[in-house]
Amino acid sequence: MTTANLSDGTPTPQTLSLRKIWDRAPHSAFTDLLRHEDRWWCTFREAPDHGTSIGTLRVLCSTDGEDWESTATLEEQEVDLRDPKLSIMPDGRLMLIAGGSIYEGAEYRTRSPRVSFSADGRSWTTPRKLLAEDHWLWRVTWHKGRAYSVSKLGEGDHPRRAFLYTSTDGIDWRWITEFFLPDDIWNASETTLRFMPDGELIALTRPHWIGTSNPPYKNWQWTRIDANLGGPNFIRLPDGALWASARGRNEDGNSATVLARMTRNSYEPALCLPSGGDCSYPGLVWHDDLLWMTYYSSHEGKTSIYLARIRLR
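Residues numbered from 1 in each chain as written. Predicted model: local features only at pLDDT ≥ 70, side-chain atom pairs only at ≥ 80, totals over all residues. Heavy atoms only, no water.

Caption draft 1: Summary view of the pairing of strand β18 (residues 230-236). Extensive coverage of β18 is indicated by the burial of six of its seven residues. Bridging between β18 and strand β19 (residues 242-249) involves five bridges; their strand directions are antiparallel. Each bridged residue has a counterpart across the sheet, and for F234 the counterpart in β19 is A244. Connecting β18 to the next strand, β19, in antiparallel fashion are five residues, including G240 with a positive phi near 95 degrees. (Buried < 20%, exposed > 50% of the residue type's maximum accessible area, 1.4 Å probe, protein only. Helix = DSSP H or I, 4+ residues; strand = E, 2+ residues; numbered from the N terminus. Pairing = 2+ DSSP bridges.)

Structure (structure tokens):
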């Protein structure tokens, strides 16, 4: 996959480096990556396993992407914190949003989002509950001083629903609309939002949707893509190109972390990262003309956190 071209004629991405940056817990997963004040920040969940176990959140910091230091762990007694996502607030503080689930034994009972803030990446506020029970604000994107996020509702056999919210402080959230997708009972789940220069908002939504909308973001147009996404994320490069990543399938049909070229109505896999089994949930940052990408994978036996540097052009 390193010598062919994509359908639009652009070269296939090339992985320049790949390193494992953390594996100290039995299960390390659900990453995000951010660059802020000339430092790299990576966060993820640590737990005994993927499922209904009590997870804590770890924050790592690096100046060069090579050597990583643990700067914080966030925990809440008897609450499974998972899927942490980082963003930068308008005042320069770091904001971390995550899900918080409660179990009775191995049985899921309820959940609600959590948010925490930090001025330095080391000292974080106590995780605070947001919205009502059953909500899960999954990733936050800031635009013109406002935060936008999609909350997924429904668990297990219940149909999943997705609601678009906005906030100015990351604490009080205002409902904008519900996503109504054409034909899925498992309607909408994990969603990443990105704004285009003209204010258009694009959503990449699990399991297989790309949505577009213009202000005030109440009406959406949806395209079903030929992929089954797990932990989807995407970014817009300075040249306007969209690149996405999620759990998908490799050429053998097995689970893999996939990097894909994306448009407003298409998703074209371009590269499978070394990965397998329990994997994906990437963090994506464009820096020094390269894509920096964190993800987790169990292909080396223990579920661990990886960082890749990828040339896209």
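Caption draft 2: Region of interest: the layout of surface pockets. Computed from the structure, the largest pocket encloses a volume of approximately 510 Å³. Around the largest pocket, the lining is made up of 18 residues, and of these L34, T141, R194, I235 and L284 lie nearest the centre. Residue assignment for the lining of the largest pocket shows that the elements contributing at least two residues are β2 (27-36), β6 (80-88), β10 (137-143), β14 (191-195), β18 and β22 (280-287). A breakdown of the residues in the lining of the largest pocket according to their chemical character gives 11 nonpolar, three polar and four charged. (1 Å grid on protein atoms, 1.4 Å probe; cavity = no way out; pocket = protein on both sides within 12 Å on 5 of 7 lines; lining within 4 Å. Points joined across faces, edges and corners; volume = space filled by probe spheres on them. Nonpolar A, V, L, I, M, F, W, Y, C, P; charged D, E, K, R; others polar.)

Caption draft 3: Representation of the packing of aromatic side chains within the structure. Across all of its chains, the model carries 12 aromatic pairs by this definition. For the ring pair F30 and Y296, a centre distance of 5.3 Å and an interplane angle of 70 degrees mean the geometry is edge-to-face. Highlighted residues: F30 in strand β2 and Y296 in strand β23 (residues 290-297), separated in sequence by 266 residues. F30 gets classed as buried once you look at its relative accessible area, which sits at 2%. Among the residues examined, Y296 registers a relative accessible area of 0% and is labelled buried. Between F179 and W222 the ring centres are 4.9 Å apart and the planes differ by 65 degrees, which places this aromatic pair in the edge-to-face class. (Phe/Tyr/Trp six-rings, centres within 6.5 Å; stacked < 30°, edge-to-face > 60°.)

Caption draft 4: Layout of unusual backbone geometry. In this structure, P207 follows R206 across a cis peptide bond, with omega equal to 10 degrees. Within the element layout of this structure, P207 appears in the loop between β15 (201-205) and β16 (209-213). In this structure, the amide linkage connecting P215 to the following residue, P216, adopts the cis form with an omega of 5 degrees. Mapped onto the secondary structure, P216 falls in the loop between β16 and β17 (221-224). Notably, F30 is not glycine yet its phi reads approximately 65 degrees, a positive angle. Even without being glycine, Y217 reaches a positive phi, approximately 70 degrees. Note on placement: Y217 falls in the loop between β16 and β17.

Caption draft 5: Region of the structure containing the sheet that holds strand β7 (residues 94-104). Taking strand neighbours across the sheet as the criterion, the four strands line up as β6-β7-β8-β9 in an open arrangement whose pairing is antiparallel. Only two strands of the sheet have a single neighbouring strand rather than two, namely β6 and β9 (128-129). Summarising the sheet, β6 and β7 pair through seven bridges and their orientation is antiparallel. Note that in β7 the partner of L81 across the bridge is G100.

Caption draft 6: Looking closely at the environment of V115. For V115, the position within the fold is in strand β8 (residues 107-118). Judged by its relative accessible area of 1%, V115 is buried. Measuring from C-alpha to C-alpha, the distance between V115 and L137 comes to 9.5 Å, with 22 residues separating the pair along the chain. Non-local contacts of V115, meaning those with residues more than four positions away in its chain, are made with M95, L96, I97, T126, P127, R128, L130 and G170. (Contact = heavy atoms within 4.5 Å.)

Caption draft 7: Seen up close, the nonpolar core. Grouped together as the largest cluster of nonpolar side chains are 19 residues, with contacts concentrated most on I21, L33, C42, L60, W68 and I305. Mapped onto this core, the elements with two or more residues apiece are β1 (14-22), β2, β3 (39-47), β22, β23 and β24 (304-311). Once you skip the residues sitting within four places of it in the chain, L33 turns out to touch W40, W41, C42, W68, G283, L284, V285, W292, M293, T294 and L307. (Core = buried A, V, L, I, M, F, W, Y, C linked by side-chain atoms within 4.5 Å.)

Function cannot be read off these values alone, since they describe shape.
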